[in-house]
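Below, each chain spelled out in residue letters.
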Amino acid sequence: MDLENKRVLVVGLGKSGVASALFLKSRGARVTVSDSKPEAELRKEILQLLDHGITVETGGHGDRTFRGQDLIVVSPGVPFDAPQLAQARTLGENVIGEIELAAQFLAAPIVAITGANGKTTTTSLAGEIIANGKFPVLVGGNIGTPAISFVDQAQFETWIVLEVSSFQLETIVDFRPRIAVLLNITPDHLDRHKTFANYVNAKARIFENQQADDFTVLNADDPAAIGLSERTLAQRFLFSRKKEIGTGAFVRSAHIFFRDGHRESEIMPLSEIPLKGAHNLENVLAGISIGMLVGCQPEQIRQAVHNFKAVEHRLEFVAKVAGVDYYNDSKATNVDA
């Protein structure tokens, strides 16, 4: 993607919006940023952008701002069907999200993880498993660090592990993960997607650009997730805590095993998993699948899982008081969670 002297609009001044604007400017684009929040709420971001010669519009999105742009980059928090964006697409303007922008410049292999629940835990665990396997790895996406920030850090052999939301997947074009992981699908964000079918379709976009030499990892115990298995061209690996799997990760006799189609490997006993809950067992099975597909050794995966600490606010152990264990689970923000 040639950005030199191109007119580019970034919509939304969250983390990904600021990172995108700074990246675009560094590549020679003429960048404008627009956010509906008032100036007083965005002073820190505004000062940073102005220091780099980026034009900033706050307090609303002007219709004229969207006209004549060579590219519009949308932050995940901005509805893709917003009137100005709909009009821009009607006029033939190119509208993408930050994760698609990053995909245009990242040559490193991507592990993309999505699902209604468990994304952050699985993404963090996968990052630690890959690192323990002695592979260079960067972890980010919806979990915190925008993917676009990795363009100047990643080498060709670096694994990029990204938590990816349905909002981000709405705006992809060529985004192609080497490994795409779908943990589960339960009703969520219906205020944005309107229907459950729309939400499912947004999630399914994670593997729409994959090819036969890529990998898709699906939860065999989740009907909505496994129901999408025919939509991918990639090699399919499943994980299950309830039954044995022909190709993928599963539990047998209180131990986790992984089959790659040629051989079966014992990974670890369930007793060594530090995370509580059946849902976290599913997250671990997904993480183990990722580790094996990347090329980590079973013992390296076992060590990483055994040493993993619960992510903050997600069934995070706080303290034992008068014989009672207290957990912080404040990130459980939808009905299923």
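Higher on the page you've got the structure.
Just so it is clear, the structure is predicted and the values come from calculations on it, not from any experiment.

Caption draft 1: View of the overall build of the protein. For the protein, the count of helices and strands is 11 helices and 16 strands. The globule rule puts the C-alpha radius of gyration for 337 residues at 20 Å, and the 21 Å found for the protein is close to it. Oriented by its inertia axes, the alpha-carbon framework of the protein measures out at about 65 × 55 × 40 Å. Residues counted as buried form 52% of the 337 residues belonging to the protein. Taking as baseline every contact in the protein between residues at least 6 positions apart, the subset at least 24 positions apart corresponds to 59%. When the accessible surface of the protein is split by element, carbon and sulfur atoms take 49% of a total near 15100 Å². Each charge class in the protein can be summarised by its mean position, and for the 34 positive and 40 negative side chains these summaries are 1 Å apart.

Caption draft 2: Quick look at the sheet that holds strand β2 (residues 30–34). Spatial ordering of the open sheet is given by β3-β2-β1-β4-β5, a layout of 5 strands whose pairing is parallel. A strand with exactly one partner marks an edge of an open sheet, and here the two such strands are β3 (55–57) and β5 (95–97). Pairs of neighbouring strands in the sheet enclose a mean axial angle of 25 degrees, with direction left out of account.

Caption draft 3: The pairing of strand β12 (residues 248–252), seen in detail. With 4 of its 5 residues buried, β12 lies for the most part within the structure. Across 3 bridges, the pairing between strand β11 (residues 235–240) and β12 is parallel. Considered in β12, the bridge of Ser240 is made with Phe250. As defined by bridge partners, β12 adjoins strand β13 (residues 255–259) across 5 bridges and the pair is classed as antiparallel.

Caption draft 4: Fine view of the packing of helix α10 (residues 278–294) against helix α11 (residues 298–307). Axis separation between α10 and α11 bottoms out at 10 Å; the angle between their running directions is 145 degrees. As α10 runs across α11, the sense of the crossing is right-handed. Along the contact surface, α10 presents Val284, Ile288, Gly291 and Met292, while α11 presents Pro298, Ile301 and Val305. Partitioned by chemical class, the residues of the contact of α10 with α11 number 6 nonpolar, 1 polar and no charged.

Caption draft 5: Focus on the side chain of Glu282. Structurally, Glu282 is set in helix α10. On the accessibility criterion, Glu282 (13% relative accessible area) is buried. Apart from residues no more than four positions distant in its own chain, Glu282 is found in contact with Asn219, Asp221, Phe239 and Arg241.

Caption draft 6: Region of the structure containing unusual backbone geometry. For Asn5, which is not glycine, the phi dihedral falls at a positive 65 degrees. Take Asn5: it is sitting in the segment before β1 (7–11). The partly exposed category is assigned to Asn5, whose relative accessible area is 47%. Phi at Ser253 is positive, roughly 55 degrees, even though this residue is not glycine.

Caption draft 7: The environment of Pro177, seen in detail. Its location among the elements puts Pro177 in the loop between α6 (166–169) and β9 (179–182). In this structure Pro177 comes out as buried when scored by relative accessible area, which is 0%. As a C-alpha pair, Pro177 and Ala108 span 69 residues in sequence and 9.8 Å in three-dimensional space.

Caption draft 8: Focus on the packing of aromatic side chains. The final tally for this structure, using the stated rule, is 5 aromatic pairs. Summarising the aromatic geometry, the rings of Phe237 and Phe258 are spaced 5.9 Å apart at their centres and angled 5 degrees between planes, so their arrangement reads as stacked. Of this pair, Phe237 sits in strand β11 while Phe258 is found in strand β13, placing the two residues 21 residues apart along the sequence. With respect to class, Phe237 is no different from Phe258; both count as buried. Geometrically, the ring pair formed by Phe250 and Phe257 is stacked, given 5.9 Å between the ring centres and 20 degrees between the ring planes. According to the relative accessible area criterion, Phe250 is buried, its value standing at 0%.

Parameters at a glance
- Residues numbered from 1 in each chain as written.
- Predicted model: local features only at pLDDT ≥ 70, side-chain atom pairs only at ≥ 80, totals over all residues.
- Heavy atoms only, no water.
- Helix = DSSP H or I, 4+ residues; strand = E, 2+ residues; numbered from the N terminus.
- Rg over C-alpha atoms; globule rule 2.2 N^0.38 Å.
- Buried < 20%, exposed > 50% of the residue type's maximum accessible area, 1.4 Å probe, protein only.
- Contact = heavy atoms within 4.5 Å.
- Areas by Shrake-Rupley, 256 points an atom, 1.4 Å probe, with all protein chains shown as cover.
- Lys, Arg positive; Asp, Glu negative; His and termini not counted.
- Charge placed at Lys NZ, Arg CZ, Asp CG, Glu CD.
- Pairing = 2+ DSSP bridges.
- Axes fitted to C-alpha atoms, helices over the stretch in contact; angles between N-to-C directions.
- Left-handed = near helix turned anticlockwise from the far one by under 90°.
- Nonpolar A, V, L, I, M, F, W, Y, C, P; charged D, E, K, R; others polar.
- Phe/Tyr/Trp six-rings, centres within 6.5 Å; stacked < 30°, edge-to-face > 60°.

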